[in-house]
Amino acid sequence: MSSATRVANDISKSMISTDLAAGRKRLDSVWNGIIPGIVLVAMITAVAFSAHNVSGFALFSPMILAVVAGMVYSNVLGTPAHAKAGIAFSQKRLLRFAIVLLGFQLTLGQVVSIGAGGVGIVAATLGATFLFTVTLGRLIGVDAKLAQLIAAGTSICGASAIVATNIVTDARDEDVTYAVASITLFGTVAMLAFPLLAPALGLDQHAFGLWAGASIHEVAQVIGAGFQNGTQSGEIATVAKLTRVAMLAPTVIALGLMARRGSRDQSAARPPMPWFVAAFVAVVALNSLVTVPAEVKSAMALATTIMLTMGLAAMGLQADISQLRSRGLRPLALAFCAFLFIGGFSLMLVKFA
């Protein structure tokens, strides 16, 4: 019995030792796989948030600053090879989850509050701007995927829309970075210029808020421009902008259907309803039906911003400035024309619809 017991104990110890060795190997694999890249992305994200609090940089969201910081790091110091897996994880997984969390910033009641006319203006502006941008891009020779990213960023919600759209368009990282940079440039111009134009255009607070929410690119830019013209204007602008954010889901679904229909290999085509879009819709519905505590919403908003910033930092780390220069000025001209179109078209609807 004692001999058998010793044999059993030896076997048990051997199995435990093997399991521990396998566990250490898996941990080493994780560490050598995604952890270094996530740490690097987190460091750049921290730099972006810190820079956002510096005078002169507050006009730019941490997401935009993260793209720039990531590009500077990768093109000056170079991105370590062992960090690439973690960078890819941040760019894909974290971004998808962040888009889902955006749903906590919107309820169906908020959409209804601007009225059927307001929703109609937002929807018409979004659709017309997207079609105009894609069509003009084709006419002037801008790559179709890059044109779609610029169209989404201009017509929906800036960098977040570019990221979400790229999940189905699958453009190159340099295209995403170019689109984010151009959208940031003209969105900032709109944020600074539109409040100054309100008196000359004869817009009251309600009309200006609707115009700003329907036309300015980033959520932060809309809030900055809206509240600069008054509290009522800021509230209406924010709701109108969040209504545009809600339209991110059907837009991505439509692009997914187009990608699937245009693919020769139907089995390899992307699904028309990505999981993160369905989850975003579910979160909006939950947020509309259940009263979520303000503290939870605030925490969700912060988590969303952090993950979006990490995702865009990862994109910056994978952007090659020489390839950005190779795109030339045509995409920038396209973004400028889209900026003029969305501003003019939405203003016409607000004034005369």
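Residues numbered from 1 in each chain as written. Predicted model: local features only at pLDDT ≥ 70, side-chain atom pairs only at ≥ 80, totals over all residues. Heavy atoms only, no water.

Participant: Describe the overall build of the chain, naming the residues involved and giving the relevant values.
Facilitator: Of regular secondary structure, the chain possesses 16 helices and zero strands. Counted over contacts in the chain with a minimum sequence separation of 6, partners at least 24 positions apart contribute 81%. Total accessible area computed for the chain in this model is approximately 16600 Å², and 68% of it derives from carbon and sulfur atoms. (Helix = DSSP H or I, 4+ residues; strand = E, 2+ residues; numbered from the N terminus. Contact = heavy atoms within 4.5 Å. Areas by Shrake-Rupley, 256 points an atom, 1.4 Å probe, with all protein chains shown as cover.)

Participant: So what's going on with the packing of aromatic side chains? Which residues, and what values?
Facilitator: Per the counting criterion, the structure on display carries eight aromatic pairs. Ring plane angle 40° and centroid distance 6.3 Å describe the contact between Phe336 and Phe339, whose orientation is recorded as tilted. Here the residue Phe336 and the residue Phe339 both occupy positions in helix H16 (residues 330-352), the gap between them amounting to three residues, near one helical turn. Members of the aromatic cluster, connected to one another through ring pairs, are Phe186, Phe194, Phe208, Trp211, Phe336 and Phe339. (Phe/Tyr/Trp six-rings, centres within 6.5 Å; stacked < 30°, edge-to-face > 60°.)

Participant: Requested: an account of the side chain of Thr169, with residues and values cited.
Facilitator: As for its placement among the helices and strands, Thr169 is situated in helix H7 (residues 144-169). Thr169 has contacts with Lys145, Gln148 and Leu149, leaving out every residue within four places of it along the chain.

Participant: Let's hear about unusual backbone geometry: which residues, and what values?
Facilitator: Even without a glycine there, the phi angle at Asp170 is positive, about 60°. Mapped onto the elements, Asp170 comes out in the loop between H7 and helix H8 (173-201). For Asp170, a relative accessible area of 46% puts it in the partly exposed group. (Buried < 20%, exposed > 50% of the residue type's maximum accessible area, 1.4 Å probe, protein only.)

Participant: Mind laying out the nonpolar core, listing which residues take part and the relevant values?
Facilitator: Within the largest apolar cluster, 95 residues are counted, with the highest numbers of intra-cluster contacts made by Val180 and Leu312. The element that contributes the greatest number of residues to this core is H7, accounting for 15 residues. (Core = buried A, V, L, I, M, F, W, Y, C linked by side-chain atoms within 4.5 Å.)

Participant: Residue-level account of the environment of Ile114, with values.
Facilitator: Along the chain, the position of Ile114 falls in the loop between helix H5 (108-113) and helix H6 (115-140). The class for Ile114 is buried, based on a relative accessible area of 12%. Here the alpha-carbon distance between Ile114 and Thr243, two residues 129 residues apart in the chain, equals 9.2 Å. Here Ile114 is in contact with Val119, Val122, Val239, Ala240 and Thr243, once residues within four sequence places are set aside.

Participant: Pulling in residues and values, what's your account of H16?
Facilitator: An ideal rise of 1.5 Å per residue puts 33 Å on 23 residues; H16 measures up with 32 Å between its terminal C-alpha atoms. Against the buried residues of H16 lie H6, H7, H8, helix H9 (205-215) and helix H11 (231-246). (Expected span 1.5 Å × (residues − 1).)

Participant: Which residues make up H11, and what values go with them?
Facilitator: The terminal C-alpha atoms of H11, which comprises 16 residues, lie 23 Å apart, in line with the 22 Å expected from a rise of 1.5 Å per residue. Of all the 16 residues making up H11, twelve are buried; the element is thus mostly covered by neighbouring parts of the structure. Residues of H11 that are buried: Ser233, Gly234, Ile236, Ala237, Thr238, Val239, Ala240, Lys241, Leu242, Thr243, Arg244 and Val245.

Participant: Got a sec to walk through the confidence of the model for the chain? Specific residues and values, please.
Facilitator: In low-pLDDT segments, the atomic positions of the prediction should not be examined closely. Summing up the model confidence of the chain, the mean pLDDT is 80 and the portion of residues at 70 or higher is 83%. Averaged over each element, pLDDT in the chain is lowest for helix H1 (residues 2-33) (53) and highest for H16 (94). Note on residues 266-273: pLDDT under 50 across the span, and 16 contacts to partners over four residues away in sequence or across chains. (pLDDT = per-residue confidence, 0-100.)

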